[in-house]
Amino acid sequence: MKARAKKAEATFYQLTCIGCGRRVREEESTTRCPHCQSPLDVRYDYGYIRSRLNRYSLRNSPIKALKYLDFYPIRDLDQVVSLDEGGTPLYRCRKLAEATGLSRLYIKNEGANPTGVFKDRGSLVEISKAKEQGAKAVCVASTGNMAASVAAYTSIAMMPCYVLVPEGTPIGKMAQALSYGARLLQVRGTYTDAARLTEELSRRHGFYLAGDYAFRVEGQKSQAFEIIEQLDWRAPAVVIIPMGYGTNLAALWKGFKEFYELGLTDRLPRLVGVQPEGCQPIVSAFNQGRDTIVPVAKPSTVASAVAAGDPLDGVKALAALRESGGCALALTDAEILEGQQHLARLESIFVEPAGAIPIAALTALLTTGRIRPEEVVVCLATGNGLKDPKSALKVLPSPASIEPTLQEVEKFLKLKLYEIRAAGAKNGDRTLLTEVPSKQAVADLVRQEFGVRLTPEYAQRVLSLVEDFVNKGKTVTKGDLQYILETVLRGLSSPDGVLKVEDFQVKTTLHGKAEAKVWVTFAGERLEGEAAGVGPVDAVINALKALVLQRGQVFFELADYQVQINTPGTHASVETTVVMTDAEQNRVVATGTSPDIIVASVRAFVEGYNLLWARQRRT
Ligand SMILES: *Cc1c(COP(=O)(O)O)cnc(C)c1O
Ligand SMILES: [Zn+2]
């Protein structure tokens, strides 16, 4: 790295407001125009860049973000904060191309960056600038990935980092940010709320405000540079990009244009911007020919990384989409999750939902003629799937647990349980049953919907859970049936239980403790017990616990208890998971599914207890 001559430093770029066109000094603001609050843009003296550019080394050194330092607004190269980002694979997808009817399809796998997302390229420039400016601390609002990336870079730069994320941000991303040392808060609100708070925090305490601002765009341009290089110095015909704040799409466009202006490539691609239906402010503006973004108050999508309801860089993204002659479209969550599975299955690239959006858009783009089969298409796979495994698990079955015998493995093979995954996310809310069917009808339905052949015994177990749903006045959707099926099959090896719950009764009030009565059979003997608890579930479980412990057969402890709402809407079904351990360190995991949280909990408890009991008999 050659240090830049001090004189040129001040002049080779400047910050300009994209709204009022004013020039803004970076000491004054690096985020938004102090006069009109519009986003800023870095404008270069391209003559200067051209004169400095070493074309030989550009053409002959391996790709990575640091290679393009001449294209970044960094004055003091000693301050560069890097984790060796970029240089990600441009992977040719032959199977996926064939499946969709394209001849040349590539994935730019940005999940291969240091923190698993393209944002590291932006953090390279942004945090270098923060350091250059002598920032004492950095703050950032994020849907998760920005938090993890900025935290990683501030950690290297030895600056404290304050992060605000919306509550419920995927746990993998929070774990990353916290591990890098971020001081993280979850905000009960949306990303927009977190962004507003972070700006106030920055103003009040003088923290450097990181995020989707002008300097980040500069770093993220390197994706475009690398794509051009990887295609042997030719731009593709089309690049498909998921949009949240719109910053990244704008960054790619700027990168493509710079290489074009400098004669490093002879054409520009069309950009396609894609958002989920539950948060599509930029797509709506584009398709309605508007120049302004109407914010979405409550974004709702499985692709949490793009759930930005009020994207200020949407204006930049709109301009890029129009200038490039591209288009915009929105997809459902089900389509996105299907794309995610498709990509993983055919090309073994596991991305988080937002990263699957471009792949999921291919079919719609082809059938409407917005991309042509012979065109070179690049899809940006923006983020690594391990950041948010829970979303993928939404359309995958929980794997069955078995006792350690080959017999049990054989059962798995014979019943073809591995087929359930094919059910996927599609039509999860389609109503399948409104009344109790016959056992045969249940078996047929399961076979038709999930490809699984039930034995009469399993059909009976499925039927009794279906009855439970219907008798509580709930219709059984495809999603419900999948959970029922999984619950039954997960207990593939459930031993005939020593404990059976015949009935229970709970009395509960708002201010008092809940009181429960339970009737069970224990090893064939009828028993009755009661207990109190902080709530109805607690009371029933306490009563059961007291009964079985009194029998003295198995001493155990409830190590963990989790509740999950499986299906959305008013007819939600609940899945509870319990983990029990005993004195000999046997550990079992059991689950129960029901529209009723108490019933689901009782089921899980009973299954867990019976498993533990059987385990102790065996050892
Ligand atoms: C941030 C992010 C996006 C969206 O990029 P924007 O610049 O906000 O438009 C897409 N995918 C992933 C994985 C992201 O982290
Ligand atoms: Zn302005």
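Model, not experiment: these values are computed from the prediction.

**Observations regarding the overall build of the chain**
And step 1. What the chain contains, in helices and strands, is 22 helices and 21 strands.
And step 2. The C-alpha atoms of the chain give 28 Å as radius of gyration, which agrees with the globular expectation for 619 residues (25 Å, within 12%).
And step 3. Dimensions along the principal axes, computed over C-alpha positions, put the chain at roughly 90 × 55 × 45 Å.
And step 4. Counting every atom, the chain has about 26800 Å² of accessible surface; 50% of that belongs to carbon and sulfur.
And step 5. Of the side-chain charges in the chain, 75 are positive and 69 negative, and the distance between the mean point of each set is 4 Å.

**Regarding the site of ligand 1**
And step 1. As a structural note, the neighbourhood of ligand 1 is formed by 17 residues, with Lys 119, Asn 145, Gly 244, Tyr 245 and Thr 382 the closest of them.
And step 2. One nitrogen or oxygen atom from the side chain of Lys 119 is found 2.6 Å from an oxygen atom belonging to ligand 1.
And step 3. With respect to ligand 1, the backbone of Thr 247 contributes an N or O atom lying 3.4 Å from an oxygen atom.
And step 4. Protein coverage of the free-state accessible area of ligand 1, which is 380 Å², stands at 98%.

**Concerning the sheet that holds strand S20 (residues 574–582)**
And step 1. One open sheet accounts for three strands, arranged S19-S20-S21; its pairing is antiparallel. Strand pairing shows two members of the sheet lacking a second neighbour, strand S19 (556–565) and strand S21 (587–594), which therefore form its edges. Taken pair by pair, the neighbouring strands of this sheet meet at an average axis angle of 20°, ignoring direction.
And step 2. With eight bridges joining them, S20 and S21 adopt antiparallel strand pairing. Its bridge partner lying in S21, Val 579 is registered against Val 589.
And step 3. Sheet strands in contact with helix H22 (residues 597–618) are S19, S20 and S21, and its direction is about 150° off that of S21.

**A short note on the domain arrangement of the chain**
And step 1. The domain boundaries assigned to the chain delineate domain 1 (217–393), domain 2 (396–490) and domain 3 (499–618).
And step 2. Averaged C-alpha coordinates put domain 1 and domain 3 at centres separated by 47 Å.

**With respect to the packing of aromatic side chains**
Centre-to-centre distance and the angle between the planes together describe a pair of aromatic rings.
And step 1. The full count for this structure, using the stated rule, is 14 aromatic pairs.
And step 2. A ring pair is formed by Phe 12 and Tyr 44, whose centres lie 6.3 Å apart and whose planes are at 40°; its orientation type is tilted. Of this pair, Phe 12 sits in the loop between helix H1 (6–9) and strand S1 (13–17) while Tyr 44 sits in strand S3 (residues 40–44), and the two are 32 residues apart along the sequence.
And step 3. Phe 12 gets classed as buried once you look at its relative accessible area, which sits at 1%.
And step 4. Using a relative accessible area of 9% as the deciding quantity, one classes Tyr 44 as buried.
And step 5. With 5.8 Å between their ring centres and 50° between their planes, Tyr 44 and Tyr 46 make a pair best called tilted.
And step 6. Arg 59 extends its terminal NZ or CZ atom over the ring of Trp 233, reaching a point 4.6 Å from the ring centre.

Reading guide: rules and limits
- Residues numbered from 1 in each chain as written.
- Chains lettered and ligands numbered in written order.
- Predicted model: local features only at pLDDT ≥ 70, side-chain atom pairs only at ≥ 80, totals over all residues.
- Heavy atoms only, no water.
- Helix = DSSP H or I, 4+ residues; strand = E, 2+ residues; numbered from the N terminus.
- Rg over C-alpha atoms; globule rule 2.2 N^0.38 Å.
- Areas by Shrake-Rupley, 256 points an atom, 1.4 Å probe, with all protein chains shown as cover.
- Lys, Arg positive; Asp, Glu negative; His and termini not counted.
- Charge placed at Lys NZ, Arg CZ, Asp CG, Glu CD.
- Near = heavy atom within 4 Å.
- Polar contact = N/O pair within 3.5 Å; in protein donor to acceptor, adjacent residues only side chain to side chain.
- Pairing = 2+ DSSP bridges.
- Axes fitted to C-alpha atoms, helices over the stretch in contact; angles between N-to-C directions.
- Contact = heavy atoms within 4.5 Å.
- Domains from an automatic or database assignment.
- Phe/Tyr/Trp six-rings, centres within 6.5 Å; stacked < 30°, edge-to-face > 60°.
- Buried < 20%, exposed > 50% of the residue type's maximum accessible area, 1.4 Å probe, protein only.
- Lys NZ or Arg CZ within 6 Å of the ring centre and 35° of its normal.

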